[in-house]
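# Understanding the architecture of this molecule
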Amino acid sequence: MVCNRVEAWTRDVDFLLRQEGRPMVNLTGDRKHVRVMEADWRNTDKAVNWIKEEAVNLTQPFVLYLGLNLPHPYPSPYAGENFGSSTFLTSPYWLEKEPVLPCLGPAQEWSCGCSPGERAAQALELLWRNLGLSSVCQRRFSEVNYEAIKIPKWSSLSLMHPVDYYSSYTKNCTGKFTKQEVRNIRAFYYAMCAETDAMLGEIISALRDTGLLKKTVVIFTADHGELAMEHRQFYKMSMYEGSSHVPLLVMGPGVKAQQQVPDVVSLVDIYPTMLDIARIPVPQNLSGYSLIPLLRGKAENEVSPRGPRPSWVLSEFHGCNVNSSMYMLRTGKWKYIAYSDGRSVLPQLFDLTADPDELTNVAIKFPLIAHSLDKLLRSIVNYPKVSSSVQQYNKRQFISWKQSLGQNYSNVIANLRWHQDWLKEPKKYENAIDKWLSQSQ
């Protein structure tokens with residue numbers, strides 16, 4: 001989207017504008033409305049049909065990729081008061097079947113019901129059992145018990161980290177939200193997850209029905225999480241767990257059943273893992289490491305010519321809804337987040353064991369740990385240099401975009417997602433951009 005790009009390019013401009021509409025929920029249809037996200041269901045149907053009609057007859061191994069938009073929030077209308085907002089959309093069918101609260105219980109008590117039919121429910125139960133989840137949790141599906149939905153704690157606006165405040169403000173989340181509004185957003189998001197589960201169930205059912213399940217590796221993951229009002233934010237663009245910690249479930253031949261791997265891993269590990277599964281030599285210069293040793297329950301240094309994987313994972317972000325490049329290093333119980341050049345914006349350090357909600361920055365309390373992790377981060381990526389390059393890139397891209405618009409520039413920039421704030425003082429914000437453009441790096 002042009003809006004996202006322009007917002008990212010201008011993050012160093014001296015203004016603060018709401019770039020999103022207020023997050024909202026929308027209940028559609030009735031208790032028989034199953035296929036809410038129609039585009040995802042069409043793609044799921046295509047995948048199921050391909051498995052049943054094509055894959056079953058193949059004599060060579062196959063790879064099938066199915067990308068779903070759910071449980072991503074839906075985009076808003078392109079005009080009006082809610083332009084720029086994200087909508088958490090579901091139907092009563094899913095809202096009454098969403099997983100309310102994980103709790104301990106034997107596998108016999110499961111009631112998955114997270115697909116349109118019994119077949120998908122049974123397939124999902126097979127997946128959870130194969131992953132060893134049957135002994136540690138029970139997925140209950142019933143009418144939503146809103147009181148069971150956790151309301152996240154928020155820091156006061158005055159105590160928020162400056163990058164967090166910028167994110168919350170631009171996402172239009174610094175205003176007043178009632179507990180019921182927050183519960184609704186989180187409940188609708190969980191219901192959207194249940195609909196996603198059903199699509200996965202259809203794929204597993206198709207593999208089982210064709211006899212392919214026992215010789216197929218299934219990988220389920222996501223490119224980002226959803227804050228769902230944690231830290232006074234929704235969507236992503238954050239290094240907090242709700243945004244950066246994603247699911248990664250694997251089942252199939254050669255995968256040790258009923259294990260939960262405690263190691264931190266990264267999405268860059270998926271590519272070398274798929275090469276390994278296909279018995280294609282893994283290039284030694286890749287950033288990621290094959291997950292096969294972990295999936296088979298073996299010590300990596302026994303089988304990997306590269307030796308054991310690093311004990312850390314790295315993530316970085318340079319897009320919209322943040323006013324600084326940010327870099328996250330996760331190792332053991334620690335999460336270290338550095339910003340910009342490492343000096344102009346204070347870093348954050350969280351002890352995820354003592355503080356799983358990431359509410360207390362302990363960088364000042366544990367300066368030696370913060371320093372050690374910053375040193376490790378700099379050995380992995382020269383983040384001050386990268387941040388500087390991003391700033392230069394942003395200015396170049398904005399100048400090019402502005403020039404491409406010619407006389408339409410003022411009208412176009414005023415009517416992006418930040419239009420409600422921009423149109424109140426358009427000249428003020430154009431002048432702020434001109435001042436930014438005139439400054440040397």
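Conventions and cut-offs
- Residues numbered from 1 in each chain as written.
- Predicted model: local features only at pLDDT ≥ 70, side-chain atom pairs only at ≥ 80, totals over all residues.
- Heavy atoms only, no water.
- Helix = DSSP H or I, 4+ residues; strand = E, 2+ residues; numbered from the N terminus.
- Buried < 20%, exposed > 50% of the residue type's maximum accessible area, 1.4 Å probe, protein only.
- Contact = heavy atoms within 4.5 Å.
- Areas by Shrake-Rupley, 256 points an atom, 1.4 Å probe, with all protein chains shown as cover.
- Core = buried A, V, L, I, M, F, W, Y, C linked by side-chain atoms within 4.5 Å.
- Axes fitted to C-alpha atoms, helices over the stretch in contact; angles between N-to-C directions.
- Parallel < 35°, antiparallel > 145°, perpendicular 65-115°, else oblique.
- Nonpolar A, V, L, I, M, F, W, Y, C, P; charged D, E, K, R; others polar.
- 1 Å grid on protein atoms, 1.4 Å probe; cavity = no way out; pocket = protein on both sides within 12 Å on 5 of 7 lines; lining within 4 Å.
- Points joined across faces, edges and corners; volume = space filled by probe spheres on them.
- Pairing = 2+ DSSP bridges.
- pLDDT = per-residue confidence, 0-100.
- Phe/Tyr/Trp six-rings, centres within 6.5 Å; stacked < 30°, edge-to-face > 60°.

## Overview of the overall build of the protein
Looking only at helices and strands, the protein has 15 helices and nine strands in total. Counting only residues that meet the buried cut, the protein has 46% of its 441 residues in that class. For the protein, long-range pairs separated by at least 24 residues make up 70% of all intrachain contacts whose partners lie at least 6 apart in sequence. Summing over all exposed atoms, the protein offers an accessible surface of approximately 22400 Å²; the carbon and sulfur share of this is 52%.

## Side note on the nonpolar core
Judged by nonpolar contacts, the single largest core of 32 residues is most densely connected at L70, Y74, F88, W94, L95, M229 and F234. Breaking this core down by element, the ones donating at least two residues are β3 (86-90), α3 (92-95) and α6 (179-209). In terms of residues, this core owes the most to one element, α6, which gives ten residues. When near neighbours in sequence (up to four residues on either side) are disregarded, Y74 contacts V36, M37, S85, S86, T87, L89 and M192. W9, A414, Y429 and I433 belong to the second largest nonpolar core, which has 19 residues in total.

## Thoughts on the packing of helix α2 (residues 38-53) against α6
Close contact between α2 and α6 brings their axes to 9 Å; oriented N to C, the two are set at 10°. On the basis of their axis angle, the class for α2 and α6 is roughly parallel. Along the contact surface, α2 presents D40, W41, T44, A47, V48, I51 and K52, while α6 presents E195, A198, M199, E202, I203, A206 and L207. Here the contact of α2 with α6 is built from residues that sort into nine nonpolar, one polar and four charged.

## Focus on empty space enclosed by the protein
Evaluated as defined, the whole model comprises two cavities of 30 Å³ or more. What lines the largest cavity is a set of 13 residues, and nearest its centre among them are D164, S238, M239, M326 and Y339. Of all the secondary-structure elements, those providing two or more residues to the lining of the largest cavity are α5 (162-170) and β8 (334-339). A total of three residues in the lining of the largest cavity trace back to one element, the largest contributor, which is α5. Residue classes in the lining of the largest cavity are distributed as eight nonpolar, four polar and one charged. Here the second largest cavity defines a volume of roughly 40 Å³. Along its surface, the second largest cavity is lined by R18, E20, G21, N172, R417 and Q420. In the lining of the second largest cavity, the residues fall into no nonpolar, three polar and three charged.

## Some details on the sheet that holds β8
Taken in spatial order, the four strands line up as β6-β7-β8-β9 in an open sheet, and their pairing is antiparallel. In the strand order of this sheet, the two ends are held by β6 (312-317) and β9 (348-351), each with one partner. Looking at each pair of strands side by side, their axes are set apart by 15° on average, direction ignored. Both β8 and β9 contribute to a ladder of four bridges, which runs antiparallel. The residue bridging Y336 from the neighbouring strand is L349, located in β9. Here helix α11 (residues 367-380) sits on the sheet in contact with β6, β7 (326-331), β8 and β9, set at roughly 65° to β8. Seen against the sheet, helix α12 (residues 383-405) touches β6, β7 and β8 and runs at an angle of roughly 150° to β7.

## Considerations on the confidence of the model for the protein
Here the protein shows a mean pLDDT of 87. Residues at 70 or above account for 85%. Throughout residues 99-115 the model reports pLDDT below 50, and contacts reaching past four residues in sequence, or to other chains, amount to 53 contacts. This model gives residues 132-143 a pLDDT under 50, and the stretch forms 45 contacts once residues within four places in sequence are excluded.

## Section: the environment of D434
Take D434: it is sitting in helix α15 (residues 426-438). Considering only alpha carbons, one finds D434 and V13, 421 residues apart in sequence, at a separation of 9.1 Å.

## A look at the sheet that holds strand β1 (residues 24-27)
Across the sheet, three strands lie side by side as β1-β3-β2; this open sheet has mixed pairing. Among the strands making up the open sheet, the edge pair consists of β1 and β2 (74-75). Direction of pairing for β2 relative to β3: antiparallel, over a ladder of two bridges. Paired with P75 across the two strands is S86, which belongs to β3.

## Side note on the packing of aromatic side chains
Throughout the structure, instances matching the rule amount to 18 aromatic pairs. Considering the side-chain rings of F15 and W418, the 5.8 Å spacing of their centres and the 80° angle between planes classify their relative orientation as edge-to-face. Remark: W418 occurs in the loop between α13 (409-414) and α14 (419-422) and F15 occurs in the loop between α1 (2-9) and β1; sequence separation between them is 403 residues. Like W418, F15 is buried. Summarising the aromatic geometry, the rings of Y327 and Y383 are spaced 5.2 Å apart at their centres and angled 40° between planes, so their arrangement reads as tilted. Residue Y327 is found in strand β7, and its partner Y383 is found in helix α12; the two are separated by 56 residues along the sequence. Residue Y327 is classed as buried on the basis of its relative accessible area, which comes to 0%.

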